[in-house]
Amino acid sequence: MNFRLLILLCILCPLGLWSQTGTISGFVQDPDKNPVPSVLIYEKTNQNNRVFSDSEGGFKISIPANRDITLVLNFPGIPSSEKMVRVDSNEDKIIVVTFDATQEKAPVVITERRRPVSIIRINPKLATPLPTPQGGIEGYLLQAPVNFSSELSSSYSVRGGSFDENLVYVNDIQVYRPFLVRSGEQEGLSFPNADMVESINFSAGGFDAKYGDKMSSVLDITYARPDSFAVKTMMSLLGANLTVQGISKNQKFTHNTGIRYKRNTYLLNSLDVDAEYDPRYTDIQSYVTYRPQGKYGPWEFSFLGNYSKNNYNFIPRTRETDVGTINEALRLTVFFEGQEETQFETYFGAFSTRYNPSELSQLRFTVSAFQTYESEHYDILGAYRLDELERDLGSDEFGEVLTNRGVGAYLDHARNDLEASVFSFTHRGFRDFDRTNHFVQWGTDLQIEKIYDELNEWSITDSAGYASPRPNDNIGYTDPSGRPIQGIAIQDRIRAVNEVNSSRTSAFVQDNYTFKNDSNAIIGATVGVRANHWSYNNELVVSPRAKFSYTPFWNQIRKDKNGDLDTVRKDIVLSASLGYYYQPPFYREMRGFDGAVNPDIRAQRSIHFILGADYVFQAWNRPIKMIAEVYYKKLDNLIPYELENVRQRYFAENIAKGYAYGADLMLNGEFIDGVQSWVRMSYLKTEEDLSNDFYYLYFNAAGDTIRPGYTTDLVRVDSLLQTPGYIPRPSDQRFSFSLLFLDEMPRKKEYKVLLTLFFGTGVPYGPPTRDRYQDILRTKSYFRTDIGFSRDLFLKKKKNNAFNRNIDKGLISLEVFNLLGVNNTINYQWIEDVNGRQYGIPTYLTGRRINLRFVLEF
């Protein structure tokens, strides 16, 4: 009997010990002590043990007793947070969890009261690097309603606007890209350094009055203020990065320094032009802060400095491009001589002083300077032949040259030099009157601009054995006797020297107010006004802007983890935004096709109307965040432009009006348990109507429309006036879809895969004329898929290995750019045959490439 009792005790005791549990009852709140609903709380080692915080931020979860347990708190769109807890058997412990946005890597949870309207919080802290060739911050914008046209460029369009209509801020300071960029190959590194970033906010429209004077979007980036020493280094086949962060022992001094070097010859060698590419891009940045009275003192002094140099040397040799269909297949072959040397050198510095008179108010003063030296020099001679290919599938010569359509040559020349300086003085302040419901912000800016530009570029085309205009045409010159000189007229000649000195003064004030009505719904309003004066044309514009949010008190019934029914409040915010968004011209908009600056140029205007919904719901027992917006933009005083690769050539006149409307739908959450992903779909339509825009259709005696290169009888006997009306804008990309999908291997979470995908329908293009009504053709759809396979390294620390012991994180990644090998088109080169018929030959972007990346963090 004693032996049987001993066996029974041996069996039951472990079961009894294993069954010992306790309970954690808690509340999730933000730093202002507001409840945070719909936060997922789960046990790190047992993810099936999970609960959600209710409408009041409360939660209750049972955990094993008598040992340390890590609870993970997760909310869509932000990094997870962990908290270590311990309970005794049958103990019910109460805890309060606060999300502090000032702590490094801590998530910023927005409650229904504080959730911003028309602002998307982009997560820059992914578990594995983005597999993108550009390598900048722009890759993270796949989480937002943004359209792209080239993987080599940092430019993007938002809701029908051009890149020049987007605002980019780093630490509340507006930053710029080079003026003379005409192709993504030249562009190099964009200003923001992704390794130095703490947070990214993005607005696709309806943004606050505190942001500047552009018509489309705002990208607001904040660099991290470190609270410990850290080093991060990255090496790949395309370059290397080094980031060093640190803080002094007394926590008064911090620095965040990044060095980037990029040389993407390997990537450019996949282009269809066989050439000697020698691109070298270097960037050095440092963000330094000093708090003389410690971390929580009222004073802070900071400095942000940047030096960047982009060198692009290009010696083309040959190009062979096959285009067409089974009905007409063509091959363009070009032999080159000459070279291009382009250089952009930029200096930037900003010194800022921040003073907090109290916990509820702040004053900030910033002085900054931006200086750029840019040169674009090239002489490129191209001799080409256009051939028709054999299309008979049964022929032994299928795909070979059947007949010649034309031969010719062209010579492109440029000696362009630009120097620009921008000095700014800004003040920002806020006052929180009752900490939660009433928040006032204000600011003033003075900006001084000095631009000196020397333009000298031209091209000449000898098509099908003759130059146009022909040598016997009078080009307007005479000899001493008065007889006309016969010669060759140079095409697209731009020769100008421009010097523009001006200043801009702006100011804004806005008030944010929230309250609860009788039905317990939360209503918020942000109302502001902005004014801008430009000395160059003495124009004053005033921009009122308003945003409204409504958080209804709607309940829903759902099952908890035990299958019991529970009544919780729906986490949904409805919003509406409207406002005036003026865009006073910057230098590029002022300069026309002939290089001259228009002194009578005026500000463009866009009026935004936006309706949106921000909804956090549970699916597959996980939180999913959905953002949906519909919008309409009324556009006036537009300055039309034509797109040449990534170079925008403006008409430099306010001669158009237009509109844009569409819808965006974005989803973010843990589609795969434990890792977050993003998906976005958008529809857009944008058109413009140029004033006094017309042309004539000409008819011959047979009544046929005369089309040079197609019509035999070119004698005009009749004409018909045509008014084009509204035509698509260059950024009219009707449908777009983007995906950022992250997955990890079950039970081997150190193995991860990150897939990025972007699809966009074709955008308008046309022949190289200045007749916008001809730009109604459509490029092929842009379809890009990149994928990265990574493995975390140094997960097990070796105490006897000093190198391994000091490594915080390591990673190796194998990336495949353009996974599907799609030939995406960025531009068209127009060729003329012997009959005067023009052909648009596509210029393709990069092909499939494999990249190896190695990351170490100390």
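Residues numbered from 1 in each chain as written. Predicted model: local features only at pLDDT ≥ 70, side-chain atom pairs only at ≥ 80, totals over all residues. Heavy atoms only, no water.

(A) Layout of the overall build of the protein chain. In terms of regular secondary structure, the protein chain is built from five helices and 48 strands. Among the 858 residues that make up the protein chain, the fraction classed as buried is 53%. A separation threshold of at least 6 residues defines the contact pool for the protein chain, and within that pool the share at least 24 residues apart is 68%. Total accessible area on the protein chain is roughly 38,800 Å²; 55% of this is exposed by carbon and sulfur atoms. (Helix = DSSP H or I, 4+ residues; strand = E, 2+ residues; numbered from the N terminus. Buried < 20%, exposed > 50% of the residue type's maximum accessible area, 1.4 Å probe, protein only. Contact = heavy atoms within 4.5 Å. Areas by Shrake-Rupley, 256 points an atom, 1.4 Å probe, with all protein chains shown as cover.)

(B) Inspection of a nonpolar patch on the surface at higher detail. A grouping of Val527, Phe548, Leu578, Phe609, Tyr632, Tyr661 and Tyr683 is seen on the molecular surface, where their side chains present a nonpolar patch of about 620 Å² in accessible area. Residue placement: valine 527 occurs in strand β26 (residues 522–534). Using a relative accessible area of 43% as the deciding quantity, one classes valine 527 as partly exposed. (Patch = residues over 30% accessible without salt bridge, like charges linked within 9 Å, V, L, I, M, F, W, Y side chains within 5 Å. Salt bridge = Lys/Arg side-chain N within 4 Å of Asp/Glu carboxyl O.)

(C) Highlighting unusual backbone geometry. A positive phi angle is found at arginine 159, which is not glycine, with a value near 50°. As for its placement among the helices and strands, arginine 159 is situated in the loop between β8 (120–122) and β9 (166–170). By relative accessible area, which is 4% here, arginine 159 ends up buried. Even without a glycine there, the phi angle at alanine 652 is positive, about 60°. Position of alanine 652 among the secondary structure elements: in the loop between β34 (647–650) and β35 (656–672). Taking relative accessible area as the criterion, alanine 652 reaches 4% and is therefore assigned buried.

(D) Expanded view of the pairing of strand β18 (residues 329–358). Here strand β17 (residues 299–324) runs beside β18; their pairing, made up of 23 bridges, is antiparallel. Considered in β18, the bridge of leucine 304 is made with alanine 350. If you look at the hairpin formed by β17 and β18, you'll find four residues sitting between the two strands. Turn length for the β18-strand β19 (residues 361–389) hairpin, with the two strands adjacent in sequence and antiparallel, is two residues. (Pairing = 2+ DSSP bridges.)

(E) Broad picture of the packing of aromatic side chains. Evaluation of the coordinates by the stated rule reveals 33 aromatic pairs. Aromatic pair tyrosine 384 and tyrosine 410: ring centres 6.5 Å apart, planes at 35°, arrangement tilted. Note that tyrosine 384 is positioned in strand β19 and tyrosine 410 in strand β20 (residues 401–432), a separation of 26 residues in sequence. Neither tyrosine 384 nor tyrosine 410 differs from the other in exposure class; each is buried. Geometrically, the ring pair formed by tryptophan 534 and tyrosine 536 is stacked, given 5.2 Å between the ring centres and 25° between the ring planes. Judged by its relative accessible area of 27%, tyrosine 536 falls in the partly exposed class. (Phe/Tyr/Trp six-rings, centres within 6.5 Å; stacked < 30°, edge-to-face > 60°.)

(F) Main features of the nonpolar core. Ranked by internal contacts, the top residues of the largest apolar core, which has 90 residues, are Tyr156, Phe202, Leu219 and Tyr223. A per-element tally of this core places β18 first, with seven residues. Once residues lying within four places of it in the same chain are set aside, the contact partners of tyrosine 156 are Glu138, Leu141, Val146, Asn147, Phe148, Ser162, Phe163, Asn166, Val168, Phe202, Ser217 and Leu219. Residues Val36, Val39, Ile69 and Val87 belong to the second largest nonpolar core, which totals 18 residues. (Core = buried A, V, L, I, M, F, W, Y, C linked by side-chain atoms within 4.5 Å.)

(G) Up close: the sheet that holds strand β12 (residues 217–223). Ordered by their spatial adjacency, five strands build an open sheet running β8-β11-β12-β9-β10, and the pairing between neighbours is mixed. Two strands close off the open sheet at either side, each with one partner strand: β8 and β10 (173–174). Across three bridges, β8 lies against strand β11 (residues 197–203) in antiparallel orientation. Opposite isoleucine 122, over in β11, you have isoleucine 200 as the bridge partner.

(H) Local environment of the pattern of salt bridges. Evaluation of the coordinates by the stated rule reveals 43 salt bridges. Across the pair aspartate 278 and arginine 263 runs a salt bridge, and its minimum N-O distance is 3.0 Å. Remark: arginine 263 occurs in the loop between β15 (253–262) and α3 (265–268) and aspartate 278 occurs in strand β16 (residues 273–290); sequence separation between them is 15 residues. On the basis of relative accessibility, which here comes to 30%, the residue arginine 263 falls in the partly exposed class. Among the charged side chains, a network of salt bridges with common partners joins Glu165, Glu688, Arg729, Arg772 and Asp775.

(I) Molecular detail of the confidence of the model for the protein chain. Mean pLDDT for the protein chain: 84, with 86% of residues reaching 70 or above. With pLDDT under 50 throughout, residues 3–19 is counted as low confidence; its partners more than four residues away or in other chains account for one contact. Between residues 100–115, whose pLDDT stays under 50, and residues either more than four places distant or in other chains, the model counts 50 contacts. (pLDDT = per-residue confidence, 0-100.)

(J) Summary view of the environment of arginine 391. Inspection of the secondary structure puts arginine 391 in the loop between β19 and β20. Taking the relative accessible area as the measure of exposure, arginine 391 reaches 30% and is therefore partly exposed. Filtering out sequence-adjacent residues up to four positions away, arginine 391 remains in contact with Thr325, Ile326, Asn327, Glu328, Ala329 and Phe398. A distance of 3.1 Å separates the side chain of arginine 391 from the backbone oxygen of asparagine 327, its partner in a polar contact. (Polar contact = N/O pair within 3.5 Å; in protein donor to acceptor, adjacent residues only side chain to side chain.)

(K) Examining the side chain of asparagine 598 more closely. Tracing the backbone through its elements, the reader meets asparagine 598 in the loop between α4 (587–590) and β31 (604–619). A polar atom in the side chain of asparagine 598 sits 3.0 Å from the backbone nitrogen of aspartate 600.

(L) Spotlight on the environment of threonine 132. Inspection of the secondary structure puts threonine 132 in the loop between β8 and β9. Under the relative-accessibility criterion, threonine 132 is labelled buried at 13%. Distance in space between the C-alpha atoms of threonine 132 and glutamate 815 is 8.5 Å, their sequence separation being 683 residues. Once residues lying within four places of it in the same chain are set aside, the contact partners of threonine 132 are Gly139, Asp786, Phe817 and Arg853.

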